[in-house]
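# What the coordinates show
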Amino acid sequence: MAKVILVLNGPNLNLLGTREPSIYGRETLDEIGVRTKARAETLGLTVDFRQSNSESELIEWIHAARGKCAGLIVNAGAYTHTSIALLDALRAVALPVIEVHLSNIYAREDFRRYSYVSAVANGLISGFGGHGYELAIEAMARLFERKPQSPKKKK
Ligand code: DQA
């Protein structure tokens, strides 16, 4: 069965398309979801693409991913910079995490430069708009391919 990647989008990302288009572009979240799923399919992966404005709902979805999903792609929106609760949930389920941001969070206000999600993420993709989600799918597929290193043979 195809591995399932849970893609979580946090607050205000439902407004993509009309929200600050000079920063976030004109693409809607639905459009990003469609191309993320399409990219995943080409790599034999399935995507469960979700958005919530509620921190508690995001946390419930992370908990429910345990045992069902092989990895998480997370754009936590502003919760990225505030939520220890999300960090704890991600740490608790111990799944691979790739953090995504549409904008380059390091080229913006200082308060966006700290990410709680980064503390548990395998990696971070920031500043490539909706394409960042496809890059994250590719990175996740590569993580799955990585085999544990076999012990070196004694000579
Ligand atoms: C964002 C960056 C966050 O700082 C911001 O609060 C968002 C969107 C991004 O995708 O660039 O809501 O996560």
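Structure's up top.
Just so it is clear, the model here is predicted, and its values are computed rather than measured. (Residues numbered from 1 in each chain as written. Predicted model: local features only at pLDDT ≥ 70, side-chain atom pairs only at ≥ 80, totals over all residues. Heavy atoms only, no water.)

## What to know about helix α3 (residues 55-65)
Every buried residue belonging to α3 is among L58, I59, W61, I62 and A65, and all of these are buried. The buried side chains of α3 occupy one side of the element, clustering within an arc of 160 degrees when seen end-on. Against the buried residues of α3 lie β1 (3-9), β2 (45-51), β3 (71-75) and α4 (84-93). In the segment just after α3, G67 is the residue with positive phi, at about 85 degrees. (Buried < 20%, exposed > 50% of the residue type's maximum accessible area, 1.4 Å probe, protein only. Helix = DSSP H or I, 4+ residues; strand = E, 2+ residues; numbered from the N terminus. Arc of directions from axis to C-beta. Contact = heavy atoms within 4.5 Å.)

## Some thoughts on the site of the ligand
R19, Y24, N75, G77, A78, H81, H101, L102, S103, I105, R108 and R112 make up every residue found near the ligand. In this structure, H81 approaches the ligand through a side-chain N or O atom, which is 2.7 Å from an oxygen atom. Within the side chain of R112, a nitrogen or oxygen atom sits 2.8 Å from an oxygen atom of the ligand. Judged by the fraction of its atoms near the pocket grid, the ligand is located in the largest pocket. Class assignment for the residues of the shell around the ligand results in 4 nonpolar, 5 polar and 3 charged. (Near = heavy atom within 4 Å. Polar contact = N/O pair within 3.5 Å; in protein donor to acceptor, adjacent residues only side chain to side chain. 1 Å grid on protein atoms, 1.4 Å probe; cavity = no way out; pocket = protein on both sides within 12 Å on 5 of 7 lines; lining within 4 Å. Sits in = over half its atoms within 2 Å of the grid points. Nonpolar A, V, L, I, M, F, W, Y, C, P; charged D, E, K, R; others polar.)

## Considering the packing of aromatic side chains
Scanning the model with the defined rule gives 2 aromatic pairs in all. Ring geometry for F49 against Y133: centres 5.9 Å apart, planes inclined by 50 degrees, an arrangement best described as tilted. Placement of the pair is F49 in strand β2 and Y133 in helix α5 (residues 131-145), with a sequence separation of 84 residues. Ring geometry for Y114 against Y116: centres 5.0 Å apart, planes inclined by 80 degrees, an arrangement best described as edge-to-face. Judged by relative accessible area, Y114 falls into the partly exposed class, the value being 47%. Sitting over the ring of F144, K3 keeps its end group 5.1 Å from the ring centre. We note R50 situated over the ring of W61; from NZ or CZ to the ring centre the distance is 5.0 Å. (Phe/Tyr/Trp six-rings, centres within 6.5 Å; stacked < 30°, edge-to-face > 60°. Lys NZ or Arg CZ within 6 Å of the ring centre and 35° of its normal.)

## Brief notes about the side chain of S83
By secondary structure assignment, the location of S83 is in the loop between β3 and α4. Note on S83: relative accessible area 1%, which makes it buried. In this structure the side chain of S83 is engaged in a polar contact, spanning 2.9 Å, whose partner is the backbone nitrogen of L86.

## Section: the pairing of β1
The buried fraction of β1 is high, at 5 of 7 residues. For β1 and β2, the ladder comprises 7 bridges, and the chain directions are parallel. Within the sheet, the bridge partner assigned to V7 lies in β2 and is F49. As judged from the 5 bridges shared by β1 and β3, these two strands associate in the parallel manner. Across the sheet, the residue bridging to V7 is I73, located in β3. (Pairing = 2+ DSSP bridges.)

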